[in-house]
Structure formats: structure tokens, C-alpha cells
Amino acid sequence: QVQPVESGGGLVQAGGSLRLSCAFSGRTFSTCAMGWFRQAPGKEREFVAAINWSGSSTAYADSVKGRFTISRDNAKNTVYLQMNSLKPEDTAVYYCAARTRPTVATSQPEYAYWGQGTQVTVSS
């Protein structure tokens, strides 16, 4: 089954850090742009961050700019989301998604493959 697999979620206090990982081996990873999205309770899923095939281009939601960093390791078929200075409003299920194209995209229909999600809970 072609599906990204997320890991690294958990419970953290406000101001703390977490690093999410996403492994994707269903296609040639180095040709796929990757993205992170999140869905908080009672809210729609929203864009968080995206990265192009080489890592040379990234995009972030305004709410996470300066706190979150997306990166990738094509040798390990893995994309990461480093989350610093976490806030209670960052609490959500975080989803990793893969495009079939190499360029950055911020809208959900641009992504063909989705993981099951990993829970991130930030306590105040």
C-alpha cells in the first residue's frame, strides 16, 4: 500500500519541542514534494508546511512561521517537521502527505497520498 507513515507525536508542555518524521517509500521519494497538514478538534484540516523534491524550496502557514521547520532526507525517504516553541493551539492530529509532482503546494487536493496521522498535544 502506498501511504506515508508518520511518527514522533506525543504530549509536550507549552514552549517545548517535538520532531515529527514521515517515511514514504511508495514512489520515488526524491521526485515527490511533501507536506504536513493538521486537524484540530472541531476544525477543518489545514496546511502547515511543504517542501519541494530537493529541499531547496519550502512554504509555511503564517501560524507556524519562525517556529516550525520542514526538512527532508532523500537517502532515507523521510521528511521531518521540527516544531519548537509549541503552543496549546498547535494541538492537533498531524498528517503527512505526498505529491506526485516535485514542486511545493499548499492545498490539500494537490496531494495524492496521505498518512494516518499522529497526535500532538500541547499542554498549557
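Let me begin by describing the structure that accompanies this report. (Residues numbered from 1 in each chain as written. Predicted model: local features only at pLDDT ≥ 70, side-chain atom pairs only at ≥ 80, totals over all residues. Heavy atoms only, no water.)

## Comments concerning the pairing of strand E11 (residues 118-123)
Link 1 in the chain: Judged by which residues are buried, E11 turns out to be one-sided: Thr-118, Val-120 and Val-122 face inward and are buried, whereas Gln-119, Thr-121 and Ser-123, on the alternate face, are not.
Link 2 in the chain: Here strand E2 (residues 10-13) runs beside E11; their pairing, made up of 4 bridges, is parallel. For Gly-10, the partnering residue across the bridge sits in E11 and is Val-120.
Link 3 in the chain: Bridge count between strand E9 (residues 92-98) and E11: 3 bridges; the pairing is antiparallel. The partner of Tyr-94 across the bridge, within E11, is Thr-118. (Buried < 20%, exposed > 50% of the residue type's maximum accessible area, 1.4 Å probe, protein only. Helix = DSSP H or I, 4+ residues; strand = E, 2+ residues; numbered from the N terminus. Pairing = 2+ DSSP bridges.)

## A closer look at the environment of Phe-47
Link 1 in the chain: Note that Phe-47 resides in strand E5 (residues 46-51).
Link 2 in the chain: Look at Phe-47 and you get buried, because its relative accessible area is 15%.
Link 3 in the chain: Separated by 16 residues in the primary sequence, Phe-47 and Ser-63 have C-alpha atoms spaced 10.0 Å apart.

## Re the sheet that holds strand E3 (residues 18-23)
Link 1 in the chain: In spatial order, the strands read E1-E3-E8-E7; together these 4 strands make up an open sheet with antiparallel pairing. In this open sheet, the two strands that pair with only one neighbour each are strand E1 (5-7) and strand E7 (68-73). Ignoring which end each strand starts from, the neighbouring axes of this sheet average 20 degrees apart.
Link 2 in the chain: Here 6 bridges tie E3 to strand E8 (residues 78-83), and the two strands are oriented antiparallel to one another. When the sheet's bridge partners are listed, Ala-23 is paired in E8 with Thr-78. (Axes fitted to C-alpha atoms, helices over the stretch in contact; angles between N-to-C directions.)

## A closer look at the pattern of salt bridges
Link 1 in the chain: As enumerated under the stated definition, the model contains 5 salt bridges in all.
Link 2 in the chain: Residues Glu-46 and Arg-38 are paired through a salt bridge, measuring 2.7 Å at the closest nitrogen-oxygen approach.
Link 3 in the chain: With relative accessibility at 36%, the residue Glu-46 sits in the partly exposed group.
Link 4 in the chain: Classification of Arg-38 by relative accessible area gives buried; the value is 6%.
Link 5 in the chain: Through salt bridges with shared partners, one network takes in Arg-38, Glu-46, Arg-67 and Asp-90. (Salt bridge = Lys/Arg side-chain N within 4 Å of Asp/Glu carboxyl O.)

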